[in-house]
Amino acid sequence: MPTELTVFSDYQQIHLLDSASSTEVADQWFDSALPDHLALANDAIGIRTGLNGHVTVTIDVTDAPPADDKDAFGTVTECSLRADSGTLRLTCPTYGEEDGDLVTVPRGWLRLRVSLTRSPDDADYDEDSDDSADLQHIRIQCWPAEPSDAVLVKGWNPETGSFHPVPMD
């Protein structure tokens, strides 16, 4: 059953980490394989949201990779995360790594699919809007899997200066 949470996105990011992690997520952005989307460490990730304000996050823990539904989202990435404690903490930079909501997950390596309803680079986004359709929603699906490289499944790729995959007309 998915868990829906609200977290404050500060510095246009939220953090998801193993509850026993001592990783400073802020230090991970520069060495990330996807620095415009994710800050990556073995036991922690930062997710670039594109806004400062509250975001809705749904965390769905599954036994196997979920069906591909990338067309319903503006940006989709995948990465690996190690959760030795069996508990992930969802927080933000100003809350600190000791605060935030906890979600139970299988112990060990997980694969995470991070899907954002709006691209963090969406120039039309109005973070001051009261319209719930304008709010950023982030879905994080996770399942047990051996570690593998982070990938941009869908979204703006600043390295190529184009959208990935190229939209079909």
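Before reading further, recall that the structure is shown in the block above.
The rules behind each value
- Residues numbered from 1 in each chain as written.
- Predicted model: local features only at pLDDT ≥ 70, side-chain atom pairs only at ≥ 80, totals over all residues.
- Heavy atoms only, no water.
- Helix = DSSP H or I, 4+ residues; strand = E, 2+ residues; numbered from the N terminus.
- Buried < 20%, exposed > 50% of the residue type's maximum accessible area, 1.4 Å probe, protein only.
- Pairing = 2+ DSSP bridges.
- Axes fitted to C-alpha atoms, helices over the stretch in contact; angles between N-to-C directions.

Draft legend 1. Unusual backbone geometry, seen in detail. Pro 165 follows His 164 through a cis peptide bond whose omega is -15°. With respect to the secondary-structure elements, Pro 165 resides in the segment after β12 (162-164). In this structure, Tyr 11 takes a positive phi of about 55° despite not being glycine. Along the chain, Tyr 11 turns up in the loop between β1 (3-9) and β2 (13-18). Assessed through its relative accessible area of 60%, Tyr 11 is described here as exposed. Despite not being glycine, Gln 12 shows a phi value in the positive range, around 60°. Note on placement: Gln 12 falls in the loop between β1 and β2.

Draft legend 2. Up close: the sheet that holds strand β4 (residues 44-48). As summarised here, the arrangement of the five strands in space is β3-β4-β2-β7-β8, forming an open sheet in which the pairing is antiparallel. The open sheet has two free edges, formed respectively by β3 (38-41) and β8 (101-104), since each of these has just one partner strand. Looking at each pair of strands side by side, their axes are set apart by 15° on average, direction ignored. Sheet analysis places β2 next to strand β7 (residues 87-91), joined by four bridges and oriented antiparallel. Looking across to β7, one finds that Leu 17 is bridged to Arg 89.

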